[in-house]
Each structure stands twice: as C-alpha cells, then as structure tokens.
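As a plain string of letters, each chain reads:
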Amino acid sequence: MRSTLSYMTWPFIVTGAGLALAAFLGWEYHGTGSGALAFFLIAGILAVLEISLSFDNAIVNANKLKQMVPKWQRRFLTWGILIAVFGMRVIFPLLVVVIAAHLAPWEAIRLAATQPQEYSRIIHEAHLPIAAFGGSFLMLVALNYFFDEAKDVDWIKGVEAALRKLGEIRGMEVGFVLVCMLVIVGQLPAEKEHAFIIAAIWGVITYLLVDMLGHVLDRWGAQHSQADMARGGFGAFLYLEVLDASFSFDGVIGAFALTQNLFLIAIGLGIGAMYVRSMTVMLVERGTLAAFRYLEHGAFWSIFVLSILMFVQTLRPIPEVVTGLLGACFIGMAFLSSLAWRRRHPHG
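Note that the coordinates shown come from a computational prediction; the quantities given were computed from them, not determined experimentally.

Peer 1: Hey, could you run me through the side chain of Glu173 in this one?
Peer 2: Along the chain, Glu173 turns up in helix H9 (residues 172–185). Despite its burial, Glu173 pairs with no opposite charge, the nearest such side chain being Arg170 at 9.4 Å. Each residue touching Glu173, except ones within four places of it in the same chain, is listed here: Leu140, Leu143, Asn144 and Phe147.

Peer 1: Any chance you could explain helix H6 (residues 116–125) here in plain terms?
Peer 2: One turn of the α-helix equals 3.6 residues, which is why residues spaced by three or four share an orientation. When H6 is considered as a whole, its buried residues turn out to be Tyr119, Ser120, Ile122 and Ile123. Down the axis of H6, the buried side of the element spans an arc of 160°, and every buried residue falls inside it. Within H6, the exposed residues directed more than 90 degrees away from the buried face are Gln117 and Glu125.

Peer 1: Would you take a moment to explain the packing of helix H5 (residues 105–114) against H6 for this structure?
Peer 2: How two helices sit against one another is set out by the angle between their axes and by the gap between those axes. Put simply, H5 and H6 touch, their axes get as near as 5 Å, and they point 120° apart. The angle between the axes of H5 and H6 places the two elements in the oblique class. Here Ala108, Leu111, Ala112, Ala113 and Thr114 of H5 come into contact with H6, specifically with Pro116, Glu118, Tyr119 and Ile122.

Peer 1: Explanation requested: the pattern of salt bridges in the structure shown.
Peer 2: Opposite charge on two side chains lets them pair, provided their charged atoms get close. Scanning the model with the defined rule gives 5 salt bridges in all. Across the pair Lys151 and Asp154 runs a salt bridge whose closest N-O atoms are separated by 2.8 Å. Asp154 matches Lys151 in its accessibility class, with the two residues each being buried. One salt-bridge network, in which partners are shared between bridges, spans Lys151, Asp154, Glu160 and Arg164.

Thresholds applied
- Residues numbered from 1 in each chain as written.
- Predicted model: local features only at pLDDT ≥ 70, side-chain atom pairs only at ≥ 80, totals over all residues.
- Heavy atoms only, no water.
- Helix = DSSP H or I, 4+ residues; strand = E, 2+ residues; numbered from the N terminus.
- Buried < 20%, exposed > 50% of the residue type's maximum accessible area, 1.4 Å probe, protein only.
- Lys, Arg positive; Asp, Glu negative; His and termini not counted.
- Salt bridge = Lys/Arg side-chain N within 4 Å of Asp/Glu carboxyl O.
- Contact = heavy atoms within 4.5 Å.
- Arc of directions from axis to C-beta.
- Axes fitted to C-alpha atoms, helices over the stretch in contact; angles between N-to-C directions.
- Parallel < 35°, antiparallel > 145°, perpendicular 65-115°, else oblique.

Below, the structure written as structure tokens:
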C-alpha cells in the first residue's frame, strides 16, 4: 500500500511552485520584500482555508468515486482538478463580475488586475444569489443521504433513524428545502427576495437535473456492453463537478476578505484544492470510509450545517472560520466515534 507521503507528492510540488509564484506576484505589485512576503503568507493562509472548508468534500467525493468505473475515476482526478482549480478559482469569479457588472470577459480581467477593490466590491454584492444557490444545492445533497431508505448505519441514531423514515414520503427533501427558503425569505428585505428565490430555485433544479442525468446514464450503462458502461460514469462525474463548485462558493467569496487580488486567490485556493484531491484519492484507494464507520456521516452533517450557514449568510455575515470549525468538529467527532466502534467491534 502506498505511504501517506506518496499521496502528497504533487500537492507538495504545487505548494512550492504556488508559494514562489505568490511571492513573485507580491514583488511585481509592490516592489518590496515585505510585499512579496505578504503575498507568500496570504497564499499559505488561503490554502489552509480551502483545506479546512473542503475536507468534507473529499469524503463525499471518495464515497461517489468508489462507485464509478476506473476510467471515470481517472478522468475526475485529472480533468476534474483542472476544472476545480482553473474553472472555480479563476473563471467563476470572473463570470460573476461579467454578469453582475455587464462587462466583457477581457474587461473583467483588466478590472481584476488594475482595480482589485472594485472587483472585490462586485463579487461581494453578488454573494446573496451565490449563497442561495449553493445552500439549496448542498442541502439537497445532505438530505438525500439522510433520507435514503437503504441506509443501514446510523451515527446520531435517533435523529438519523427519524430522517430515514421521513424518506418514505415522496419529495420530502425538496419540501424541506422549500420550507427553509420560505423562512429565509421572510427575514429578507423586500428588494432582495426575488434574487434569493430565483437563485435558490435554480439550486434545486440543478440538483434534480444532475441527479436525473446520473440515473439515466447509469441505467444506460447497466443495459449495454462493458464498453458502453463507462458512459454511466459521466453522470457521477457531472454530479461531483457541480458538488465541487457548490463547495467552492464559500471559499472563493471568503477569500476576498483576505485579499482582493484574483490571481493570488487562484494560487492559494488552487494549492488547497490539490490537497483535497489527493486526500480523495487516498480515501478511495485505502478504503478509509469502510474502515471508519461514521466518517461519511460526519461529512454529510457538515454539508448540512454548511448549507444552513450559506442560507443564513444572506441575512448576516458569518466568518469563514466558523464554517470551517463547525465542519471540522462534525468530522472529528465522527472519526472519534468510528475509533470507539472499532474498539468495541475489533472483528466487525
């Protein structure tokens, strides 16, 4: 079995190159050693922020990846990292400005390079629809796990058993999200209600479309030859990419609290994304989710809490450290519970 260090070879390489590039960028912008050091440190902090916010993402990715055919596993771990780093950390913030400020893409790049404070202002003004979309999508991800009637292991037994019974009611998870949307809308100023509702509904629609496509393609694969079966992996691939994007919203927006420089944000969050992807590979190849009985449960509870916090963020700001710590607490408690279960059941 590969050592833990071997999984981190590429993340270490990217970290070295990324931090060096961040320091060079700081020198180019400020022309001083202190400017280079500031950019170096901010890139490191952003990488840690991304890892702390996305560890639960790695666990969920691993759970889905183990069900995919090897070809689509490799595609997710190669093409997917390009989409995650370049698409979500560079293209997504640019698209937000392009749409919100009605600018051409090249003009948005110029704005990011020459007027970072104005660029940051536009990004923050677009935070409400982004949080609404991500909150509804991630809440459905979590509820679909807990409402699954086939789920036979419970961590928080009373609560999870009750949620599984609720899963017998058709469309319960969508109804739950709609109720949460109505609660938030009741607290929002009238001028923000429309933007929230439209974005949150699109989050629900996106989840349902991706889920439907995954089922269609997986069924196609089951009914055709082994060669065609790989097509079934496209649904899971698409699902994971949308899930990655939803997880990234919070980190990308939160990064602007540390710096308004788009290129520095891309470097820092890109470094963190490499570690998350490597942790995903390690979890899959080592079968860690099977060895730690409740780790997956902790990840989905973390996702559920994150979705609630994203909804609440449309009402008032919540520091990213709170989001990261809450997620880490659920995963940490699930890890400890898994260790305790293994001690009680050494052969089970």
